[in-house]
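Now for the letters of each chain:
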Amino acid sequence: MSIELQNIHYSYGQVKALNGVSLSIGGGATGLLGPNGAGKSTLIKIMLGFLTPAEGQGKVLGYDVRNEQKFIRRLVGYMPEDECFIPGLDAVTFTALMGELSGLPRQEAMKRAHEVLFYVGLGESRYRLVDTYSSGMKQRLKLAQALVHDPKLLFLDEPTSSLDPTGRQEILELIGEVASSKDIRVLLSSHILADIELICDRVVIINKGEIAASGRIEDLKMKNYQLYELRVKGQLNGFRQELEQAGCRVEETEDRLVKIYTPPDFDRRRIFQSAARNGVQVRQFVCSQTSLEDLFARVVGVD
Amino acid sequence: MAEVREKGYHHWEGQLREKGPVFWPITRTGIKLAFQRKRFKFLFALSFIPAISFAVGVYVSERLEDFKFMAQGAEKTLQVNPGFFKTYLSQDFIFFMILLLMALGGAGLIADDFRHKAIQLYFARPLTRLDYLLGKAGVVAFFVGLLTLVPAVVLFLLKLLFSGSFKFFLDYPWLLLSIIFYSAFLMVFFTCYILLASSLSKNRNFVIALIFAVYYLSEIVRGISYVIFRSPYSTLLSIMGNLQQVAAGVFQVRPAQDVPWYLSLLVLSVFCLLALIFLRRKLRGVEVIR
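The shown structure was predicted, so the numbers you read here are calculated from the model rather than taken from an experiment. Chains are numbered independently. Their residues run from 1 in the order of the written sequence. Ligands are numbered from 1 and chains lettered from A, in the order in which they are written. Only residues with pLDDT of at least 70 get local features here, since the model is predicted, and only at 80 or more are side-chain atom pairs given and counted; chain-wide, interface and lining totals rely on the full set of residues. Note: side-chain values were computed over all heavy atoms of the structure, leaving out hydrogens and water.

## What about the overall build of chain A?
The condition that has to hold: Under the DSSP-based scheme used, a helix requires at least four consecutive residues in state H or I and a strand at least two consecutive residues in state E, with every element numbered from the N terminus. The rule is simple: take the accessible area with a 1.4 Å probe, protein chains only, and divide by the maximum for that residue type; under 20% is buried, over 50% is exposed, in between is partly exposed. Here, residues are in contact when the closest pair of their heavy atoms is within 4.5 Å. Residue burial considers only the protein chains on display, and all accessible areas are found by Shrake-Rupley using a 1.4 Å probe. In summary, the charge assignment counts Lys and Arg as positive and Asp and Glu as negative, without counting His or the chain termini. By convention, the point assigned to a charge is CZ for Arg, NZ for Lys, CD for Glu and CG for Asp.
On a plain count of helices and strands, chain A comes out with 11 helices and 14 strands. Overall, the C-alpha framework of chain A stretches about 75 × 45 × 35 Å when taken along its three principal axes. Put simply, chain A has 303 residues, and 56% of those count as buried. Taking contacts inside chain A between residues at least 6 apart in sequence as the whole, the part at least 24 apart equals 66%. Approximately 13,000 Å² of chain A is accessible, and the part contributed by carbon and sulfur atoms is 45%. Computed over 37 positive and 39 negative side-chain charges, the inter-centroid distance for chain A is 3 Å.

Pasting the structure below:
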């Protein structure tokens, strides 16, 4: 396991930020999702050893989050959300400096800096001052500095923010490759659910300081709800009311496609029984694919 | 033969360093960044003019007979004694050049990191806040040391060399220690002063203005206070005045003001202590992840 947390509690004064968080994350790429104020940042701070939990135990890459923060940060790469750099330095010097601060010998840091800059696609512009880089280039540079010391685990905070669609696609491909073929575990915190769905095979959804859902995305989608798409004829009001009372969410699209999200263990025959009772004719019934967005909305309790 | 590898990402096989001076790469980068500025290089060279003049003075003081035709009555002014070193290390020009160089090369040490949010990059690594501060402090200490400690020690050695004996050393056996102590004191004081100023704003230009304003305003306040109270203790309000009083005490010469030199040392030490407390608090409040 790369991350193992047990019953983590943390409060900012009277405000409880994390309330008994327990999770374990293994290899591959994991998405960290949650609305603002859910406790994502506090959780990352605890995992990086910036905050000491009030209660609970935790290990990141086998090191204790309470006492071995330096060891954790040596083995972890962090790509911040903000645009951040040291003005006046060229990309290769900047990246080498970051490698050296992580514990690489000076010459090795410089060598690795060249390598990772080529890897993230900044090879040709590695001697340019970072001040002159575009937003997309700065994003790649942040990934390079996070990778330079060959971390075992990468924390990526909104890695595709401020990128155009092409740039976003390229950086996602890079992250995907790092996670899948370079044996580096990735924890990706993002508000863009599509990014997480594309890169990660696992997700941790955190809400109000508690883990709302955690596991393989495909499993969670199946476990938490089913989505059925229907084409119907007749008055929907009674049908909709009855299903909503049974715990389903019913949506109607502009082209009169009815989407029914059913709770776990909901017998789909009840949909037909309800339709019959309300005089609604079901002309098409499809068990549909659900998205991460649907899952997120459901476990966090928002539309 | 070296391994030929394809471009791309490769795992690193070595062992990451766990001990050693973590702050040194920060200091080295800070020094490099300062020298990247053309004006800095010019001013840095200019700041050695007093050292060269004093070196000439040391030479002439040992060859007074040869230069008699040029330097009439120079016996009094060209006496190389503790006062000579005190004059070199506490002259207005040296302080001004330290301020000027540090305004150019040191104002952005912390301010730029705040402005470009680079601090989170440092602290996401196995680096403590103390390591970060030591790294930044090293830049200021390096330049102040180059302008004070190095020339003063060289002047001392030149005196021994030109005189051809150890008489000067035996006359003032404590002088070398005084030079080291006072230079170290200047390094500590200016480090605290510049880093404090640099941490007060994200705007480098504001920091530059602050560095000069506080220094010279303290001198103006001293002048006003002296006019009102006619007390020599007014000098305790001036940074420059206090630095010169401490120099007089350390080199055992008569101070410009009739105020115990240790009071000036105390004032400046309290200033440094408060600056360090402020810096610690400021950096403790840095949010690496928001």
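## Re the sheet that holds strand S12 (residues 249–252) of chain A
Residues and elements named next belong to chain A. Cut-off, in case you're wondering: Two strands are said to pair when DSSP picks up at least two bridges between them. Fitted lines through C-alpha atoms serve as axes, helices being fitted only where they are in contact, and the angles separating the N-to-C directions of these axes extend from 0 to 180 degrees.
Taken together, the 4 strands give an open sheet; going across it, the order is S12-S13-S11-S14, and neighbouring strands pair in antiparallel fashion. What marks the edges here is a single partner per strand, and that holds for S12 and strand S14 (281–288). Across the sheet, the mean angle from the axis of one strand to that of its neighbour is 25°, orientation sign disregarded. Where strand S11 (residues 226–233) lies against S14, 7 bridges are found, and the strand directions are antiparallel.

## A few points about the packing of helix H12 (residues 175–199) of chain B against helix H15 (residues 261–284) of chain B
Residues and elements named next belong to chain B. Using the following cut-off: Oblique is the label for every angle not falling under 35 degrees (roughly parallel), over 145 degrees (roughly antiparallel), or within 65 to 115 degrees (roughly perpendicular). Each helix crossing is assigned a hand: it is left-handed if the near helix lies turned anticlockwise from the far helix by less than a right angle, otherwise right-handed if that turn is clockwise. The residue classification treats Ala, Val, Leu, Ile, Met, Phe, Trp, Tyr, Cys and Pro as nonpolar and Asp, Glu, Lys and Arg as charged. All others, Gly included, are polar.
At a minimum axis distance of 9 Å, the contact between H12 and H15 shows a crossing angle of 40°. Taken together, the axis directions place H12 and H15 in an arrangement best described as oblique. In this structure, the crossing between H12 and H15 has a hand that is left-handed. Here Phe185, Val188, Phe189, Cys192, Tyr193, Leu195, Leu196 and Ser199 of H12 lie close against H15, whose contacting residues are Leu265, Leu268, Ser269, Phe271, Cys272, Ala275, Leu276, Phe278, Leu279 and Lys282. The class makeup of the residues in the contact of H12 with H15 is 15 nonpolar, 2 polar and 1 charged.

## Brief notes about helix H3 (residues 91–101) of chain A
Along H3 of chain A, 11 of the 11 residues are buried, which leaves the element largely enclosed by surrounding structure. For H3 of chain A, the complete set of buried residues consists of Ala91, Val92, Thr93, Phe94, Thr95, Ala96, Leu97, Met98, Gly99, Glu100 and Leu101 of chain A. Against the buried residues of H3 of chain A lie helix H4 (106–119) and helix H5 (135–147) of chain A together with helix H1 (24–35) and helix H8 (119–123) of chain B. In the segment just after H3 of chain A, Gly103 of chain A is the residue with positive phi, at about 115°.

## Remarks on unusual backbone geometry
Of note in the backbone geometry, Lys208 of chain A takes a positive phi value of approximately 50° without being a glycine. Tracing the backbone shows Lys208 of chain A in the loop between strand S9 (202–207) and strand S10 (210–216). Unlike most non-glycine residues, Lys117 of chain B shows phi in positive territory, near 55°. Structurally, Lys117 of chain B can be placed in the loop between helix H7 (108–115) and H8.

## Structural notes on the side chain of Asp82 of chain A
Within the element layout of this structure, Asp82 of chain A appears in the loop between strand S6 (76–79) and H3. Using a relative accessible area of 18% as the deciding quantity, one classes Asp82 of chain A as buried.

## Details of helix H5 (residues 82–89) of chain B
Here H5 of chain B lies mainly inside the structure; 7 of its 8 residues are buried. Among the residues of H5 of chain B, those classed as buried are Pro82, Gly83, Phe84, Phe85, Lys86, Tyr88 and Leu89 of chain B.

## Here we look at the interface of chain A and chain B
Where we set the bar: Buried area: the accessible area, evaluated with a 1.4 Å probe, that two parts lose upon being put together, summed over both parts. Here a salt bridge means any side-chain nitrogen of Lys or Arg lying within 4 Å of a carboxyl oxygen belonging to Asp or Glu. Here a polar contact is recorded for every N or O atom pair within 3.5 Å, except that within protein the pair must consist of a potential hydrogen donor and a potential acceptor, and residues adjacent in sequence are included only if both atoms are side-chain atoms.
Residue-level contacts link 48 residues of chain A with 36 residues of chain B. On the chain A side of the interface with chain B, the three residues burying the most area are Arg74, Tyr78 and Leu101 of chain A, jointly 15% of the side's total. Across the chain A-chain B interface, the total number found is 2 salt bridges. Residue Lys117 of chain B is joined to Asp82 of chain A by a salt bridge in which the shortest nitrogen-to-oxygen separation is 4.0 Å. At the surface where chain A touches chain B, the tally comes to 17 residue pairs in polar contact (both at pLDDT 80 or more). At the level of elements, helix H1 (40–48), helix H2 (69–75), H3, H4 and H5 of chain A are the ones that each hand at least two residues to the side of chain A that touches chain B. Looking at the side of chain A that touches chain B residue by residue, the classes come out as 25 nonpolar, 7 polar and 16 charged.

## A short note on the domain arrangement of chain A
All names here are of chain A. Let me state the cut-off plainly: Where each domain begins and ends follows an automated or database-derived domain assignment.
Along its sequence, chain A is organised into domain 1 (3–220) and domain 2 (225–300). Domain 1 and domain 2 are separated by 39 Å when their C-alpha centres are compared. Counting residues at the interface gives 13 residues for domain 1 and 8 residues for domain 2. Of the roughly 880 Å² buried at the junction of domain 1 and domain 2 (both faces included), carbon and sulfur atoms supply 78%. Inspection of the region where domain 1 meets domain 2 yields 0 salt bridges. For the interface between domain 1 and domain 2, the tally reads 0 residue pairs in polar contact (both at pLDDT 80 or more). For the side of domain 1 that touches domain 2, the elements supplying multiple residues, two or more each, are helix H7 (193–199), S9, S10 and helix H8 (217–224).

## So, the packing of helix H9 (residues 129–147) of chain B against H12 of chain B
All names here are of chain B. Packing of H9 against H12 leaves a shortest axis separation of 9 Å and a crossing angle of 125°. Of the possible angle classes, the one that applies to H9 and H12 is oblique. Judged by the twist between their axes, the crossing of H9 over H12 is right-handed. Counted together, Leu133, Lys136, Ala137, Val140, Ala141, Val144 and Gly145 of H9 and Leu186, Met187, Phe190, Thr191, Ile194 and Leu195 of H12 form the full contact between these two elements. Looking at side-chain class alone, the contact of H9 with H12 contains 10 nonpolar, 2 polar and 1 charged residues.

## Re the environment of Gly123 of chain A
Residue and element names in this part refer to chain A. With respect to the element layout, Gly123 can be found in the loop between H4 and H5. Sequence separation between Gly123 and Ala213 is 90 residues, and the spatial gap between their C-alpha atoms is 40 Å. Beyond its immediate sequence surroundings of up to four residues, Gly123 is in contact with Leu117 and Phe118.

## Considerations on the pairing of S6 of chain A
Working note: regular strand, side chains alternate between the two faces of the sheet. Residues and elements named next belong to chain A. What you see with S6 is no split at all: Val76 and Tyr78 on one side and Gly77 and Met79 on the other are buried throughout. In this sheet, strand S7 (residues 153–157) lies alongside S6 in parallel orientation, the contact comprising 4 bridges. Bridge pairing in S7 links Gly77 to Leu154.

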